[in-house]
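Examination of the molecular architecture
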Amino acid sequence: MIEAVIFDLDGSMVDSMWVWKRIDQEYLGKFGISLPEDLQKGIGGKSFSETAAYFKERFRLPDDIENIKADWNRMAWDKYTHEVPLKKGVRELLQYCKARNLKMGIATSNSRELVEKVVAVHQLESYFGCIMTGCDVARGKPAPDIYLAVAQALHVAPENCLVFEDIVPGIQAGKAAGMQVCAVYDKYSAHQDVLKRSLADHYTVQFTELLEEGILSHLVCCPQK
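The rules behind each value
- Residues numbered from 1 in each chain as written.
- Predicted model: local features only at pLDDT ≥ 70, side-chain atom pairs only at ≥ 80, totals over all residues.
- Heavy atoms only, no water.
- Core = buried A, V, L, I, M, F, W, Y, C linked by side-chain atoms within 4.5 Å.
- Buried < 20%, exposed > 50% of the residue type's maximum accessible area, 1.4 Å probe, protein only.
- Helix = DSSP H or I, 4+ residues; strand = E, 2+ residues; numbered from the N terminus.
- Contact = heavy atoms within 4.5 Å.
- Expected span 1.5 Å × (residues − 1).
- Pairing = 2+ DSSP bridges.
- Right-handed = clockwise from strand over helix to strand, strands pointing away.
- Axes fitted to C-alpha atoms, helices over the stretch in contact; angles between N-to-C directions.
- Parallel < 35°, antiparallel > 145°, perpendicular 65-115°, else oblique.
- Left-handed = near helix turned anticlockwise from the far one by under 90°.
- Salt bridge = Lys/Arg side-chain N within 4 Å of Asp/Glu carboxyl O.

Attention now moves to the nonpolar core. Ranked by size, the top nonpolar core spans 48 residues in total, and within it F7, M13, F55, W72, L94, F128 and F164 carry the most contacts. The element contributing the most residues to this core is helix α1 (residues 17-29), with six residues. Residue contacts for M13: discarding those within four places in its chain leaves F7, D8, P85, L86, K87, V90, L94, I106, L124 and F128.

Here it is as structure tokens:
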């Protein structure tokens, strides 16, 4: 039975994957580099720091890793504040989980600055007992480190956690942690939907269907306060 729900951020809770394609194009363009078609395959699931290191090595960038990350944060800051919406049904799902006294956490490959910005902009602070980024653990997704760390922080056994993830490395990370995983539809990973469905325990196009169809009710137990 589920006692905690752990959310990936980008592409799962918020519609933000388009932001990073645009940022990657603009950032590499400063160096006269075109966006490679296989870039997402190389960075999927990596932490913010791992991705910066990947960029530096692959594109032989002159800036150091901290400057690369700072540039990305500056480029994303306004977009995350004004242009990145919650996915349909996210707020209702958070309210559903809170009403049942389920613990909740975020496990994101994004930077702490941006995830905290998203949580603040949408006034979600009261829902989450833990926010963890890929930079807080030794290995990014698909390694299970970040999900195990969130479960430990929430004081819930991994087998009693449900993960929401939109990309294959994230789904693999949740499963490797011994958790149930619900794959989330996102148009930027739609080409992998067949694989996502095969790897995950559950699949949803949008969170409202989980609530309307009662899919969560048979998974959830209600811990005593």
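Having seen it, we continue.
Moving on: α1. In this model, α1 (13 residues) spans 19 Å end to end at C-alpha, consistent with the 18 Å of a helix rising 1.5 Å per residue. Taken as a whole, α1 has its buried residues at M17, W18, V19, W20, I23, D24, Y27 and L28. The inward-facing, buried residues of α1 contact α2 (39-43), α3 (48-59), α4 (65-82) and α6 (112-121).

The buried fraction of strand β5 (residues 180-184) amounts to four of the five residues, a majority that puts the element mostly inside the structure. Note: strand β4 (residues 161-165) against β5, four bridges, orientation parallel. Residue pairing for β5: L162 is matched across the bridge by Q180. Remark: the β4/helix α8 (residues 168-176)/β5 crossover connection has right-handed handedness. Pairing geometry for β5 and strand β6 (residues 202-204), over three bridges, is parallel. Residue V184 lies in a different strand from β6, and its bridge partner there is T204.

Put simply, α3 and α4 touch, their axes get as near as 9 Å, and they point 110° apart. Classified by the angle their axes make, α3 and α4 are roughly perpendicular. Between α3 and α4 the crossing geometry is right-handed. Side by side, α3 and α4 meet where F48, S49, T51, A52, A53, F55 and K56 of the first sit next to I65, I68, K69, W72 and N73 of the second.

Moving on to the sheet that holds β6. One open sheet holds the six strands; their spatial order is β3-β2-β1-β4-β5-β6, and the pairing between them is parallel. Edge strands, defined here as strands with exactly one partner in the open sheet, are β3 (130-133) and β6. Across the sheet, the axes of successive neighbouring strands diverge by a mean angle of 20°, strand direction being ignored.

Overall, the coordinates contain twelve salt bridges when judged by the stated rule. Between R112 and D136 there is a salt bridge, with the nearest N and O atoms lying 2.6 Å from each other. Of this pair, R112 sits in helix α6 while D136 is found in the loop between β3 and α7 (145-154), placing the two residues 24 residues apart along the sequence. Looking at R112, the relative accessible area reads 28%, which means it is partly exposed. Residue D193 pairs with K196 through a salt bridge whose shortest N-O separation is 3.6 Å. Note that D193 and K196 are positioned in helix α9 (residues 193-199) at a spacing of three residues, about one turn of the helix. Judged on exposure class, the residue D193 and its partner K196 are both buried. Within this structure, D8, K141 and E165 form a network of salt bridges that share partners.

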